[in-house]
Structures are given as structure tokens and as C-alpha cells.
Amino acid sequence: MVYDAIKKLVQYGLNAGLFEEVDRIFVINQILETLHMDEYEEPEQVYTDVDLEETLKELLDFACEQGLIQDSIAYRDLFDTKLMNCMMPRPSEVTARFWELYEKQGPEAATDYFYKLSQDSDYIRRYRVCKDQKWVTKTAYGDLDITINLSKPEKDPKAIAAAKLAKQSGYPKCLLCMENEGYAGRLNHPARNNHRIIRITINDSKWGFQYSPYVYYNEHCIVFNGQHTPMKIEKAAFIKLFDFVKQFPHYFLGSNADLPIVGGSILSHDHFQGGHYTFAMAKAPIDERFTMAGFEDVEAGIVHWPMSVLRLRGKDSDRLIELGDQVLGAWRSYTDEAAFVYAETDGEPHNTITPIARKNGDMYELDLVLRNNITTEEFPLGVYHPHQELHHIKKENIGLIEVMGLAVLPSRLKDELALLGEYMVEGRDIRRNEMLEKHADWVDAFRPQYGEITSENVEAILQEEVGKVFARVLEDAGVYKCTPEGRAAFGRFLESTGFVKA
């Protein structure tokens, strides 16, 4: 049976174009070595359409039976990545093919190739990503994307305990370092044997281009500094964003903010996220237009969005960079006590920006999302952060992806919402269930808006209400609210920077 599984895996690799027919024997021998086998008999059965998940499961079951690995998701993920790497081209081959396509067919052909390879290699596990729950909720701000991300595997308790006991290593320094390429991984660091990185030049320095293994949206890519250096929002960050967008104009690129609470999960390594996707924020119209003397060639305006977004548009990206830098400098030091905006308290800085760059037709755009991470006794996790009454759905930081209108919700909600739906249909007391009681006030608030709740409509109702919660999450994270008072305060900041209302 294991011979059949080996043959199927090899056929999969051939079908996907991971290697050529002339490499077949070499690849088989690499797989045999990984499985601690020293002989092989070619099965007569011919395989054409191979199911990768099923085939890997057969090989992983064999590895468990032979005592090569423990039977848990953590050990299996480390091992199947080794198996996939037996079929992978070297980084130099991938890079050469990428840039050959770029030169001959254009940037989109190059990224199409690399995105397909990143999936065919099982670095992006298609069979897990497709399990993510996704829907769209219509709101006053446009159509918000909602996802419950299930593609990150949950480690079992034994693996978690073993990871705690494992020797701590500083190699690679973090998940975004170049040294992850080809790294076998360990219990407390994911395997990256099958991972490939494209080397690119950004702002005259060496950077890496790869895809996120969890693909929150189409062609979700990560662009990261070749050196392990901290994130910093400054003029150079804007230059880097547009440097990338000019090379790959079909992709947007944005950065998380560089302060805790309003920043991303990895502040220690300079990186951006982008992709081939148009978020609701990018589609949102301008509410109020502004101009600035000396920048008459740049369109500027407040975006109709729950967070505080200034959009700059122009044909010359250098002009957007110059004006963006002025806005950033002004915002870093701006205080408006009436609007509860403080540049710093006790020497701790609070103001920063989440920037997003894109090309829209023949115009470049730079969206500057104003952020502030101040905390108070009432809001210890952040004043401009999801407030406590929304934590039953979302309490994590609002990073770049959420800012643009895509909710990445915790995997716990899959089971919680399914059970909550059963309780609502059956009329059971939600407060009596320890897992569900945190949702009770929320359900009490929206329940009267609906008539009969049945097994046929309860899922759609819950999805709609979760989407509404995410809109409120973004409103909480907005420094200036979408109210007359909020718009007036936003205007005060822009006028202090030198803008004049158009």
C-alpha cells in the first residue's frame, strides 16, 4: 500500500509541474529516504487525478505505524512538509522562472506562476483554506468581508506541552526571516521545507516576496526586509510601498502600524502585506475633499469609512510620498484634547498611521489610516480598539487586513455559532451554557428584530449580526467617528497640517 501512496505522490508532483519526468527516479529515492525505506517496487496501477490530502494521509499513517513520528497534527505537519520538499525545485530555479516570466509576459504572469507553485507545493494547504467560513455583510460602509479562519491547525495538548519543553532557538529569528526558506521546523516553529521566497529589490535594498500560508484573501502576499529589523512607519515606508506597486501594479501593498495594540502581530521584522484583491475600503467614496498649497496636483479627501482615512491620489507617486510624509509628521505630534487625541502620555507615543498604496487606473493612491493606541481605566486594551461588549466576537488587534474591511475572526466562533444557532431555534437558555453565555446580551438585543427563527434561517441571521458587530468593531477603532463632531475634529487636524477644505 505504501508503494501505491508513493507512486500517487510522485504522479501528483509531475501533474503539478513540480519536477520533470527525468527527475522521477531521483524524487522516488528522496521520498524513500524520508520514509526510512531502502527499496521500492513500482505498482502496476496507473494514477492520474491524485487527491493530495488523501495521499499524504496514507504516507503519514505509514510513518506513524513505523514509529517515525507521533500521531498528532503538529508532528504530521512537520513530516508531510519534508515529503513535499522531495519534489520541489531549488530556490534559484523558482526565482529564475519567476523573473523570466516577468520579463517575457509581465508581472501578472510571474505572480500567477508563483502563487500556483505555493499552493501545489502544499505550503498553502488548499484543503484547509477551503474550510474557512466566509460571507459578505452589507453595511452603510459597503460590503464587509467576514471570515472565520480555520486553516491554522489547532495543536493538541501533548504537542503544546512538548513545545514548551523544547529547547528555545533563535534560528530563524522570527517567522518572517529569510532563514525560514527550506527550514525543517520544530514543534514551536512551523516547517518550511517546501517554502520558496522570491528575492526582490525595494528602495535599493534586498527584500523577500512570498505568500501567506493562510491566504486571508486572493493572492495574500507578504513582502519583508531581508534583514531582521523592526517595523517603522516613516517616509521610507511610503517609498517602499510604491516601489513594490510600480513593479507589481496589479497588487496593493500596505503596512501594519508600528505601535502595540494598533499594530500587527510581528513588530520586530519590517514587512508589508498585499495581494490581488479589492477591499471594501478601496471602493469607498470620498466624503469631503481637501487641497493643500503646493500640492495642487494631488487629490485629497476623507474616505467614507468607519476608521479615519485620508486618501491621496495623483499620477506622480513621489508627490503622494512627500505629502504623506507631511501628514505623518503632523499626526505623530498632534494633540486635540477635545477629541481625546493625545500624541503622547508620560513619554509614550500614541499616534501612528496604517498606510496602503495601490494603482487605480492611471492614478496612484495612498490611504493614510490615522491610529492611536492610548489606553484608559475604562478601556485597558485601547480606547480606539474593539470595546468590551464586542469581545465575545472580536477582541484581537485591528491590523491592516481588518482596517481595509476583512474580519479575521477566531476559529472558536465556528463551534460557538453552530451551537448558538441550535439554542436559538430550540428556545433554550443561552445563559446556562458556559461556552455561550458571553453571547447572551448580544442575542437579546437583536432577537426582537426577527420573526420566527428556524434551522433554515438561523445561520444567515447569525452571519448578518456578526457582520454588524464587525462594522461596530471598525467604528470603535476609528479615531474620528463618522458623526458631525467626528468630521469636524478630523477637519481640525487636516487644517492644522495645511489642508484647506475644497
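See the structure shown above.
Now for a look at the structure at hand.

Reading guide: rules and limits
Residues numbered from 1 in each chain as written. Predicted model: local features only at pLDDT ≥ 70, side-chain atom pairs only at ≥ 80, totals over all residues. Heavy atoms only, no water. Pairing = 2+ DSSP bridges. Helix = DSSP H or I, 4+ residues; strand = E, 2+ residues; numbered from the N terminus. Axes fitted to C-alpha atoms, helices over the stretch in contact; angles between N-to-C directions. Contact = heavy atoms within 4.5 Å.

1. Side note on the sheet that holds strand β3 (residues 198–202)
Okay, so step 1: The strand order across the open sheet formed by eleven strands is β3-β4-β5-β7-β6-β13-β14-β10-β9-β8-β16, and the pairing between neighbours is antiparallel. The outermost strands of the open sheet, each flanked by one partner alone, are β3 and β16 (499–501). Here the average twist between neighbouring strands, direction ignored, is 30°.
Okay, so step 2: In terms of strand pairing, strand β10 (residues 309–314) meets strand β14 (residues 363–372) through six bridges, oriented antiparallel. Bridge pairing in β14 links V309 to V369.
Okay, so step 3: Running at roughly 60° to strand β4 (residues 205–211), helix α6 (residues 107–120) makes contact with β3 and β4 of the sheet.
Okay, so step 4: Where helix α11 (residues 317–332) meets the sheet, its contacts fall on β8 (286–292), β10, β13 (351–360), β14 and β16, and the angle it forms with β14 comes to roughly 10°.

2. Focus on the sheet that holds strand β1 (residues 133–139)
Okay, so step 1: Strand order in this open sheet of three strands is β1-β2-β15, and the pairing throughout is mixed. Unpaired on one side and paired on the other, β1 and β15 (406–409) mark the two borders of the sheet. Taken pair by pair, the neighbouring strands of this sheet meet at an average axis angle of 20°, ignoring direction.
Okay, so step 2: Sheet analysis places strand β2 (residues 142–148) next to β15, joined by four bridges and oriented parallel. When the bridges of β15 are listed, I148 appears paired with L409.

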